[in-house]
4 protein chains.
Amino acid sequence: MDTKRPISPAAEEILGGYFPVLDHGFVSLVDYMGTDEDVERAARVSYGYGTRKTSQTRGLIRYLRRHHHTTPSEMVELKFHCVMPIFVARQFIRHRTASVNELSGRYSLMPLLFYRPDAQQFELQSRSNRQGREGEAPAHVYEEAVRRWEALRIEAGGAYQWMLEQDVARELARIDLPLSMYTQWYWKTDLHNLLHFLTLRVDPRAQWEIQQYARVMAGMMKRVAPLTYDAWIDYNLCARSFTRAERDALARLVEASGENVRARAGASLGKAELSALGLSGRELAELVEKLQPPERPDFELDLSRMRSAEDVGKEMSEAVPGAKFE
Amino acid sequence: MDTKRPISPAAEEILGGYFPVLDHGFVSLVDYMGTDEDVERAARVSYGYGTRKTSQTRGLIRYLRRHHHTTPSEMVELKFHCVMPIFVARQFIRHRTASVNELSGRYSLMPLLFYRPDAQQFELQSRSNRQGREGEAPAHVYEEAVRRWEALRIEAGGAYQWMLEQDVARELARIDLPLSMYTQWYWKTDLHNLLHFLTLRVDPRAQWEIQQYARVMAGMMKRVAPLTYDAWIDYNLCARSFTRAERDALARLVEASGENVRARAGASLGKAELSALGLSGRELAELVEKLQPPERPDFELDLSRMRSAEDVGKEMSEAVPGAKFE
Amino acid sequence: MDTKRPISPAAEEILGGYFPVLDHGFVSLVDYMGTDEDVERAARVSYGYGTRKTSQTRGLIRYLRRHHHTTPSEMVELKFHCVMPIFVARQFIRHRTASVNELSGRYSLMPLLFYRPDAQQFELQSRSNRQGREGEAPAHVYEEAVRRWEALRIEAGGAYQWMLEQDVARELARIDLPLSMYTQWYWKTDLHNLLHFLTLRVDPRAQWEIQQYARVMAGMMKRVAPLTYDAWIDYNLCARSFTRAERDALARLVEASGENVRARAGASLGKAELSALGLSGRELAELVEKLQPPERPDFELDLSRMRSAEDVGKEMSEAVPGAKFE
Amino acid sequence: MDTKRPISPAAEEILGGYFPVLDHGFVSLVDYMGTDEDVERAARVSYGYGTRKTSQTRGLIRYLRRHHHTTPSEMVELKFHCVMPIFVARQFIRHRTASVNELSGRYSLMPLLFYRPDAQQFELQSRSNRQGREGEAPAHVYEEAVRRWEALRIEAGGAYQWMLEQDVARELARIDLPLSMYTQWYWKTDLHNLLHFLTLRVDPRAQWEIQQYARVMAGMMKRVAPLTYDAWIDYNLCARSFTRAERDALARLVEASGENVRARAGASLGKAELSALGLSGRELAELVEKLQPPERPDFELDLSRMRSAEDVGKEMSEAVPGAKFE
C-alpha cells in the first residue's frame with residue numbers, strides 16, 4: 001500500500017516474516033516507524049536556526065551516539081512478535097519501557113510446546129561468572145536430563161489437559177506448567193530503549209537463550225536503521241568504560257596529541273602500582289579483558305530461514321490441547 | 001512509497017500538513033504507526049487459542065476502552081511537530097511518557113514570534129475555578145495590555161539580538177525572552193498516553209491555549225484510529241466518575257433490571273440526606289454538573305486550513321534575528 | 001533511631017513484620033517515605049503565594065483525589081518484600097512503574113515451595129467472565145488435582161535437585177520448575193502508582209491469588225496514609241465511570257439542583273430507548289451493576305498474624321534443596 | 001522522632017536545610033528513603049540462597065556500579081525542594097523519571113525574583129562546543145547587558161503586577177515573564193536516576209547554571225549514600241567510554257596480563273593509522289581528552305551556608321507582588 005511515511009526497503013523485505021529461535025521459538029518484525037533519517041530530523045529540530053547544516057546523516061548519527069545524545073533515537077519505534085520460553089519472557093519483561101501484550105493463560109489455552117536445550121548448550125555452573133554456565137555436561141547427564149524433562153512435560157501437559165477437560169478454570173489449570181513452556185507476545189519499544197536491551201542481551205553474560213532472541217532482533221534493527229546499527233556496534237556494544245583508576249593507569253602508559261598516540265617508552269605498572277591507583281585484583285582482570293582488541297560481531301539475518309505467519313500460526317495452534325476446547 | 005505496514009488513508013491525507021493554532025503556532029502529524037486494527041491484533045494475542053473470535057473490531061475496541069484494558073492501545077504511535085508558546089510547552093512536558101526533541105536555545109537562534117491573546121480570550125481571574133479565567137476584561141485593559149506586550153517584546157527581542165551581535169553565548173542571550181515566545185518540538189507518544197493527554201487538555205479547565213492544541217491533535221488522532229476515537233468520546237471524555245456516595249444516592253433514586261431502568265416513584269434526597277451519605281457541599285455541586293446530559297464535542301479538522309511544511313518553515317526562519325548569524 | 005523525616009506511627013508498628021498470604025507467601029512493608037502530610041505539602045507548592053490556605057489536610061487530599069490531581073501522591077513511596085508464586089509475580093510485573101529486585105534463579109537456589117490452592121478456591125471456568133472462575137469443582141476433581149500437583153512437584157523438585165548435584169548450571173536446572181513455585185522480591189513504588197495497582201488487583205476480576213496480596217498491601221498503605229486510603233475507597237475503588245450514554249439515561253431519570261436530587265416522576269427507559277441512546281445489551285448489564293449501592297470493603301490488617309523476618313527467613317532457607325550447595 | 005527505618009546521620013544533619021545556589025536559588029534535601037545498606041539488601045535478594053555472602057557492603061556496591069547493575073540503586077529515593085530560574089527548570093524537567101510538583105503560575109502569584117549572571121559567568125559563544133560558552137565578554141558589554149536586564153525586569157514585573165491589579169487571569173498575566181524568573185518545585189527521584197541526572201548535569205558541557213544545582217545535589221547524595229557516591233565518582237563520572245576503534249588502538253599500544261600493564265616498546269599510531277582504524281579527526285581529539293589523567297571533583301557541602309526553611313520562605317514571599325493579593 002502507498003504511504004507518505006518514511007520507508008526502509010530492507011525492513012519491508014522481512015516485515016511480517018518469522019525467524020526461528022531455539023527449538024520452537026520465533027521473532028518477527030511486524031511494524032516499524034521511522035528510519036535513520038528520522039533520528040536526524042529529530043536532532044535537527046534542536047540544532048535549528050543559526051546552526052550549520054553541513055553534517056551528513058551518517059556523521060550526525062555517529063556524533064549523537066558517541067556523545068550519548070539518545071533522545072532523537074526515541075523517535076523510531078519497532079514492534080516485534082516473539083514466541084519464547086516463559087523463563088526468557090521473564091528476562092525480557094524487566095525492560096520496563098516496552099509495551100507488551102502477552103498471550104494470557106487466564107483467557108486462552110497454552111500450546112504444549114516446551115524448550116529443550118541442545119546437548120552443546122547443556123553446560124555446568126560457571127566458576128568465573130556466578131550466574132552463567134561453562135563447559136558441556138557429561139553425555140550421560142544430558143541424557144538423563146532429557147529423560148526427566150520429557151517425563152515432566154508429559155505429566156504437566158497431561159495434568160493441564162485433564163483439568164481443562166474437567167472444566168477447571170484456566171487460570172488454575174495452568175499453575176503447574178513449567179518455565180520452559182513457550183509463551184508469546186507483541187513487544188514494542190523505541191530505538192533508544194531497544195539498543196539498551198540489545199546491548200545487555202546480546203552480551204555473553206546474558207543467558208544464552210535470550211542472546212539468541214536479541215541477536216535476531218539486532219539483525220532486524222539493522223534493516224530499519226543501518227547507520228544507527230553501525231554506530232551502536234562501534235560506540236556501545238564494542239566500547240568499554242574505563243574507570244577513573246584505569247584512565248590514570250593509561251595516562252602513564254600512553255601519550256596522545258592531535259597528531260598521534262604513542263606508548264611511553266618503558267612505562268609499566270605492576271600490581272602494587274595498579275593497586276595504589278585504586279584497582280582491586282578483580283578490576284585488574286577486567287582491565288586485561290578490556291585491553292584485548294574487540295571483535296566485531298555480526299547479526300546479519302539469514303533470509304533463507306524466514307517463514308510465513310500462516311505456517312507459524314498453524315504450528316502453534318496445533319500444539320494447543322484438544323481442538324474440542326476451541 | 002509502497003509499504004506492507006498498516007495504513008490509514010485518512011491519516012495519509014493530512015500527513016506532514018501544518019494546521020494553524022493560536023496566532024503563530026502549528027501542529028502537524030508527521031508519522032504514525034498502526035491503526036485500530038493493530039489495537040485489535042494486540043488484544044487478540046491475549047485472547048488467543050481457545051477463545052471465540054466472533055467480535056468485530058468495533059465491538060472489541062469499545063469493550064477494551066470501557067473496561068480500561070489500555071495496553072493494546074499502546075501498540076499505536078503518533079508523532080507530531082508542534083510550534084507553541086513556551087508556557088504551553090511547559091504544560092505539555094508534564095506528560096512524561098512522550099518522547100521530545102525541542103529546539104534548543106543553547107544551540108540555535110530563536111525566531112522572534114510571540115503569542116498575543118485575542119481580546120475575547122483576555123479574561124479575568126475566575127471566581128469558581130481558582131486556576132482559570134472567566135469574563136472578558138474591559139476593552140481599555142486589553143488595549144493597555146497589548147501596548148505593554150508590544151513594548152516588552154520589542155525590548156526583549158532587541159536585547160536578544162544585541163547580545164547575539166556582541167557574540168554573547170546563546171544560552172545567556174536568551175534568558176530574558178518571555179514565556180509567550182514560540183518554541184517547537186517533535187513530540188511522539190503512543191495512543192494510550194495520547195488519549196490521557198487529550199482527556200486532560202481538551203478539558204475546559206485546562207488553559208484555553210493548550211486546549212486549542214489538544215483539539216487539533218484529537219482531530220488528527222481521529223484519522224489514525226477512528227473507532228478508538230469514538231470509544232474515547234463515549235467512554236472517557238464524556239464519561240464521569242460517580243463516587244461511592246453518589247452511587248449510594250443514585251441507587252435510592254433509580255432502579256435497574258435487565259429490562260429497563262426507571263426512576264423510583266417519589267424518591268428525593270435533600271441536602272441533609274446527601275450529607276449523611278457523605279457528600280460535601282462542593283460534591284453536591286459536582287453531582288449536579290455530572291447529571292446534566294453530556295454534549296458530544298467535535299474535533300473534526302478543517303482541511304482548508306492545512307498549510308505546507310515549506311511555507312511554515314519559511315515563516316519561522318524569517319523571524320530569526322539577523323540572517324547574518326546563520 | 002531518631003529522624004527528622006515525617007513519621008507514621010501506625011506504619012512503624014508493622015514495619016518489617018511479615019503477613020502471611022496464601023499457603024507459603026508473605027508481604028512485609030520494609031520502608032516508606034512520607035505520609036498524607038507530604039501529599040499535602042507537595043500540593044501546596046502548586047497552590048502557593050496568593051492562594052487561601054484554609055483547607056484542612058483531609059479536605060485537600062479528598063479534593064485532589066476526586067479531581068484526579070495525582071502528582072502530589074507520587075511524593076510518597078512504599079517498599080515491600082513479597083513472597084509469591086511465579087504466576088502471581090508475572091501479574092505484578094506488568095505494573096512497570098515499580099522498582100523490583102527479584103531472587104534470581106541464575107545466581108541462587110530456589111526454595112522448593114509451591115502454591116496449592118484450597119478446595120474452596122478450586123473453581124470452574126467462569127461463564128460470565130472469560131478470564132475468571134466460578135463455582136467450586138467437584139471434590140473428586142480437587143482430590144485428583146492435589147494428587148497430580150504433588151506428584152509433579154516431587155518430580156520437578158527432584159529433577160532440579162539432581163541437576164544441581166550434577167553441577168548443571170542453575171539457569172538451566174530451573175527451567176522445568178512450575179509456575180506455582182514461590183519466588184520473592186523487593187517491590188517499591190510511589191503512592192499514586194500503588195493505588196492504581198491496588199484498584200486493579202483488589203478487584204474481584206483479578207485472579208483470586210493476587211487479590212490476597214493486594215488486600216494485605218492495601219491494609220499496609222492505610223497505615224502509611226490513612227486519609228489517602230479513605231479518599232481512594234470513596235473516589236476510586238467504590239466509584240464507577242458512567243459513560244456518555246449512561247449519563248444521557250440518568251439525566252432523563254434524575255434531576256438535580258443545588259438543593260436536592262430527585263427522581264423524575266414516572267421516568268423509565270426500556271431496552272429500545274436505552275439502545276437508541278447507544279447502550280448495547282452488554283452495557284445495560286454493566287449499568288445494572290453500577291446502580292447497585294456499593295459495599296465498602298475493609299482491608300484492615302490482622303496484627304495477630306504478623307511474623308518476624310527471622311522466622312520467615314528460616315522457613316525459606318530450610319526449603320532450599322541441599323544445604324551442601326550453600 | 002523515632003523510626004525503625006534505615007537512617008543516615010549525615011543526611012539527617014542537613015535535612016530541611018536550604019543551600020543557596022546562584023543569586024536567589026536554593027536546594028534543600030527534604031526527605032530520603034534508604035541508604036547504601038538498602039542498595040546492598042536489594043541486591044542480596046537476587047544473590048540469595050546458595051551464594052556466598054562474604055562481600056562487604058563497599059565491595060558489593062562498587063561491583064554493582066562497575067557492572068551497570070543499577071536496579072538495586074532504584075531502591076533508594078531522595079526528595080529535594082529546588083528554587084531555580086525557569087530556563088534551568090526546563091533543563092531539569094527533561095529527566096522524565098522524576099516526580100515533580102511545581103509552583104503554578106495559574107493558581108499562584110510568582111515572586112519577582114530574577115537570575116542575573118555575574119560578570120565572570122557572562123561569556124561569549126563557544127567556538128569548540130556549539131551549545132556552550134567560553135571567554136568572558138568585555139566589561140562594557142556586561143554593563144550594558146545588566147542595564148537591559150534591569151529595565152526589562154522592571155517592565156515585565158510591572159506589567160505583571162498591573163494586570164493582577166486589573167484582576168486579569170493569573171494564567172494570562174504571567175505570559176510575558178522572562179525565562180530568568182525563579183520558580184520552585186519538589187523534585188523526587190530514585191538514586192539510580194539521580195546519578196544519571198548528576199552525571200549529565202555536573203558535566204562541564206551542561207549549562208553552567210544547572211551545574212551549580214547538580215553540584216549541591218551531589219553533595220547531598222553523598223550524605224545519603226557515601227559508598228555509592230564514591231563508586232559513582234570512580235566508575236561513572238570520571239570514567240570514559242572507549243570506542244571499538246579506540247580499544248583497537250590501545251591494544252596496539254599497551255599489553256596487559258594478570259601481573260602488570262605495560263606500554264609496548266616503540267608503539268605509535270599516527271593520523272593515517274588511526275584513521276585506518278576508523279577514528280575520525282574529531283574522534284582523535286576526543287581520544288586525546290580521554291587519555292588525560294582524570295581529576296577527582298569534590299562536591300562537599302559547605303555547611304556554613306545552610307539556611308533555615310523559615311528564612312528562605314520569608315525571602316520568597318516578600319518578593320510576591322502586592323501583599324493585598326494574598
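Residues numbered from 1 in each chain as written. Chains lettered and ligands numbered in written order. Predicted model: local features only at pLDDT ≥ 70, side-chain atom pairs only at ≥ 80, totals over all residues. Heavy atoms only, no water.

A. Representation of the overall build of chain A. Along its length, chain A carries 13 helices and eleven strands. Along the three orthogonal principal directions, the C-alpha set of chain A runs to about 75 × 60 × 35 Å. Within chain A, the proportion of its 326 residues that are buried is 63%. Put simply, of all contacts in chain A between residues at least 6 apart along the chain, 74% involve residues at least 24 apart. Charge-centre separation for chain A: the mean point of 44 positive side chains lies 6 Å from the mean point of 46 negative side chains. (Helix = DSSP H or I, 4+ residues; strand = E, 2+ residues; numbered from the N terminus. Buried < 20%, exposed > 50% of the residue type's maximum accessible area, 1.4 Å probe, protein only. Contact = heavy atoms within 4.5 Å. Lys, Arg positive; Asp, Glu negative; His and termini not counted. Charge placed at Lys NZ, Arg CZ, Asp CG, Glu CD.)

B. Spatial organisation of the sheet that holds strand E3 (residues 77-85) of chain B. All names here are of chain B. Taken in spatial order, the five strands make up an open sheet running E1-E2-E3-E7-E4, and their pairing is antiparallel. Looking at the sheet topology across the chains shown, the edges are occupied by strand E1 (18-21) and strand E4 (99-102). If you compare each strand with its neighbour and ignore which way they point, the axes differ by 20° on average. In this structure, E1 lies alongside strand E2 (residues 25-33), joined through four bridges in antiparallel fashion. Residue tyrosine 18 lies in a different strand from E2, and its bridge partner there is serine 28. The strands touched by helix H7 (residues 191-201) within the sheet are E3 and strand E7 (182-190), with E7 carrying the most contacts at an inclination of about 130°. (Pairing = 2+ DSSP bridges. Axes fitted to C-alpha atoms, helices over the stretch in contact; angles between N-to-C directions.)

C. Up close: the environment of arginine 305 of chain D. Residues and elements named next belong to chain D. Topologically, arginine 305 is positioned in the loop between helix H12 (281-290) and helix H13 (309-318). Arginine 305 gets classed as partly exposed once you look at its relative accessible area, which sits at 45%. In this structure the C-alpha to C-alpha distance between arginine 305 and alanine 137, which are 168 residues apart in sequence, comes to 29 Å. Not counting chain neighbours up to four residues away, the residues in contact with arginine 305 comprise Tyr18 and Pro20.

D. Structural detail: empty space enclosed by the protein. Applying the stated criterion to the full structure yields 17 cavities of 30 Å³ or more. Listing elements by their share of the lining of the largest cavity, those giving two or more residues are helix H4 (86-92) of chain A together with helix H4 (86-92) of chain C. When grouped by side-chain class, the residues that make up the lining of the largest cavity number six nonpolar, no polar and six charged. (1 Å grid on protein atoms, 1.4 Å probe; cavity = no way out; pocket = protein on both sides within 12 Å on 5 of 7 lines; lining within 4 Å. Points joined across faces, edges and corners; volume = space filled by probe spheres on them. Nonpolar A, V, L, I, M, F, W, Y, C, P; charged D, E, K, R; others polar.)

E. Expanded view of the sheet that holds strand E11 (residues 268-270) of chain A. Strand order across the open sheet formed by three strands is E11(A)-E10(D)-E9(D), with antiparallel pairing between neighbours. Each edge of the open sheet carries a strand with a single partner, namely E11 of chain A together with strand E9 (254-256) of chain D. Direction aside, the axes of adjacent strands within the sheet are offset by 10° on average. Sheet strands in contact with helix H10 (residues 244-253) of chain A are E11 of chain A together with E9 and strand E10 (260-263) of chain D, and its direction is about 140° off that of E11 of chain A. Helix H10 (residues 244-253) of chain D contacts E9 and E10 of chain D of the sheet and is inclined by roughly 80° relative to E9 of chain D.

F. Here's a closer look at the interface of chain B and chain A. Across the contact, 55 residues belong to chain B and 55 residues belong to chain A. Linking chain B with chain A are four salt bridges. Two residues, glutamate 77 of chain B and lysine 188 of chain A, come together in a salt bridge whose shortest N-O distance is 2.9 Å. The set of elements that each furnish at least two residues to the side of chain B that touches chain A consists of helix H1 (9-14), E2, helix H2 (36-46), E3, E4, E7 and helix H13 (309-318) of chain B. For the side of chain B that touches chain A, the element with the highest residue contribution is E7 of chain B, accounting for six residues. Class assignment of the residues belonging to the side of chain B that touches chain A gives a composition of 24 nonpolar, 15 polar and 16 charged. (Salt bridge = Lys/Arg side-chain N within 4 Å of Asp/Glu carboxyl O.)

G. Layout of H10 of chain D. Within H10 of chain D, nine of the ten residues are buried, leaving the element largely enclosed by the surrounding structure. For H10 of chain D, the set of buried residues is Arg244, Ala245, Glu246, Arg247, Asp248, Ala249, Leu250, Ala251 and Leu253 of chain D.

H. Focus on unusual backbone geometry. Of note in this structure, aspartate 167 of chain A is not a glycine but carries a positive phi near 65°. Along the polypeptide, aspartate 167 of chain A turns up in the loop between helix H5 (139-165) and helix H6 (170-173).

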